[in-house]
Amino acid sequence: METAHLGIDGGGSGCRGLLVLPDGAAFEAQGGPANAFSDLSGAATALGELAKELTKAANWSGPLHCVAGVAGCRLPAQGQALADALPLAAKVVDDAVIAARGALGAGDGTVIGLGTGAFFCRQNAGEFTQVSGWGLNLGDEGSGAWLGREAVRAALAAFDGRGAADALTDAILDNAEHPLRRFGRATPAEFAALAPLVIDHAETATGAALITAIGEEITRALSALGTTADETLVLTGGLGTGLKRFLPDPLAARCSEPLADALDGALSLARALP
């Protein structure tokens, strides 16, 4: 009997699934949040319900190859734990892997993902290597959350007289609430909300220094991945899109547009399963 293919893109705000039957008929649906690190059982429930909804909509009960790219699976063991908890057979990988496959297709290259968090993922001869993506508490250097947090730190240094003030630090301090009250317990998303402010103040000393630091983080990550000078680079994510014009010319010139999105990447990997 022919096989259907299911790709799932799971993240902290929700998951998406795309089921394609052997005759090419496609069914797409959305489900609840799925982060294997912060809520393994919740992620398993969300993915299981999504798969059930899609197979029911397609009236499919035959063989199924499934790949799910899920947030919180940076450690392979966490992805396996989620796979073991699912009510269907599936290969579970980190969401950075499906983003890379979607952006690059089957070709070699590296994806630089700069959104609220950060990841760098290289695809070479069908194998994936990843750096960063450890979350704001432990890393995510160059991400929107990191950029916002570092801007707040610079503003506090200016407030104390430990650093120079400029228009960016003034903009952060120019609020009825002190930064400690606003950001002392801020989430990554709340820090990332400051990233556009930094971009808007890219000409200030603080803004320029932070943007330069992101370029340096990208360079270090590419070196760690072994990305060669002739390989494709794809810059993705909300921050990445806005940041491209500020990157050093040789780096910016190498960045191309993604071929497809992460959900397409998951489906592509599902089709490649033996």
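So, here's what we can say about the structure. (Residues numbered from 1 in each chain as written. Predicted model: local features only at pLDDT ≥ 70, side-chain atom pairs only at ≥ 80, totals over all residues. Heavy atoms only, no water.)

Once that is clear, we can look at the overall build of the protein. Counting secondary structure elements, the protein contains 12 helices and 10 strands. Taking 274 residues into account, the globule formula puts the C-alpha radius of gyration at 19 Å, and the protein, at 20 Å, falls close to it. By its C-alpha atoms, the protein is 70 × 45 × 30 Å across when sized along the principal axes. Taking as baseline every contact in the protein between residues at least 6 positions apart, the subset at least 24 positions apart corresponds to 62%. Approximately 13000 Å² of the protein is accessible, and the part contributed by carbon and sulfur atoms is 53%. Once the 18 positive and 31 negative side-chain charges of the protein are each reduced to a mean point, those two points are 3 Å apart. (Helix = DSSP H or I, 4+ residues; strand = E, 2+ residues; numbered from the N terminus. Rg over C-alpha atoms; globule rule 2.2 N^0.38 Å. Contact = heavy atoms within 4.5 Å. Areas by Shrake-Rupley, 256 points an atom, 1.4 Å probe, with all protein chains shown as cover. Lys, Arg positive; Asp, Glu negative; His and termini not counted. Charge placed at Lys NZ, Arg CZ, Asp CG, Glu CD.)

Relative orientation and spacing of two packed helices are given, respectively, by the angle between their axes and the distance between those axes. Closest axis-to-axis distance for the helix H1 (residues 40-58)/helix H2 (residues 76-85) pair is 9 Å, and the angle between their directions is 50°. As the angle between them shows, H1 and H2 are arranged oblique. Viewed along their axes, H1 and H2 form a crossing whose handedness is right-handed. Within the contact between the two elements, H1 uses Leu 40, Ala 43, Ala 44 and Leu 47 and H2 uses Gln 78, Ala 81, Leu 82 and Ala 85. Its residues placed into classes, the contact of H1 with H2 shows seven nonpolar, one polar and no charged. (Axes fitted to C-alpha atoms, helices over the stretch in contact; angles between N-to-C directions. Parallel < 35°, antiparallel > 145°, perpendicular 65-115°, else oblique. Left-handed = near helix turned anticlockwise from the far one by under 90°. Nonpolar A, V, L, I, M, F, W, Y, C, P; charged D, E, K, R; others polar.)

Before going further, it helps to spend a moment on the nonpolar core. Among the nonpolar cores identified, the biggest contains 39 residues, and Leu 114, Phe 120, Leu 147, Ile 214 and Ile 218 are the most heavily contacted of them. If one sorts the elements of this core by residue count, helix H9 (residues 205-225) sits on top with eight residues. Counting residues in each nonpolar core, the second largest holds 28 residues, with Ala 34, Ala 51, Ala 58 and Val 70 among its members. (Core = buried A, V, L, I, M, F, W, Y, C linked by side-chain atoms within 4.5 Å. Buried < 20%, exposed > 50% of the residue type's maximum accessible area, 1.4 Å probe, protein only.)

Taken together, five strands build an open sheet; the order of strands is E8-E7-E6-E9-E10 and the sheet is mixed. The open sheet has two free edges, formed respectively by strand E8 (127-131) and strand E10 (255-256), since each of these has just one partner strand. When strand E7 (residues 118-124) meets E8, the two strands line up antiparallel, connected through five bridges. Paired with Cys 121 across the strands is Gln 130, a residue of E8. Each of strand E6 (109-114), E7, E8 and strand E9 (232-236) touches helix H3 (residues 95-104); the most contacted strand, E7, lies at about 55° to it. (Pairing = 2+ DSSP bridges.)

What follows is about the pairing of E7. In terms of burial, E7 is a largely internal element, six of the seven residues being buried. Where E6 meets E7, six bridges bridge the pair, whose relative direction is antiparallel. Bridge pairing in E7 links Thr 110 to Arg 122. Between the end of E6 and the start of E7, which pair antiparallel, lie three residues. Connecting E7 to the next strand, E8, in antiparallel fashion are two residues, including Ala 125 with a positive phi near 55°.

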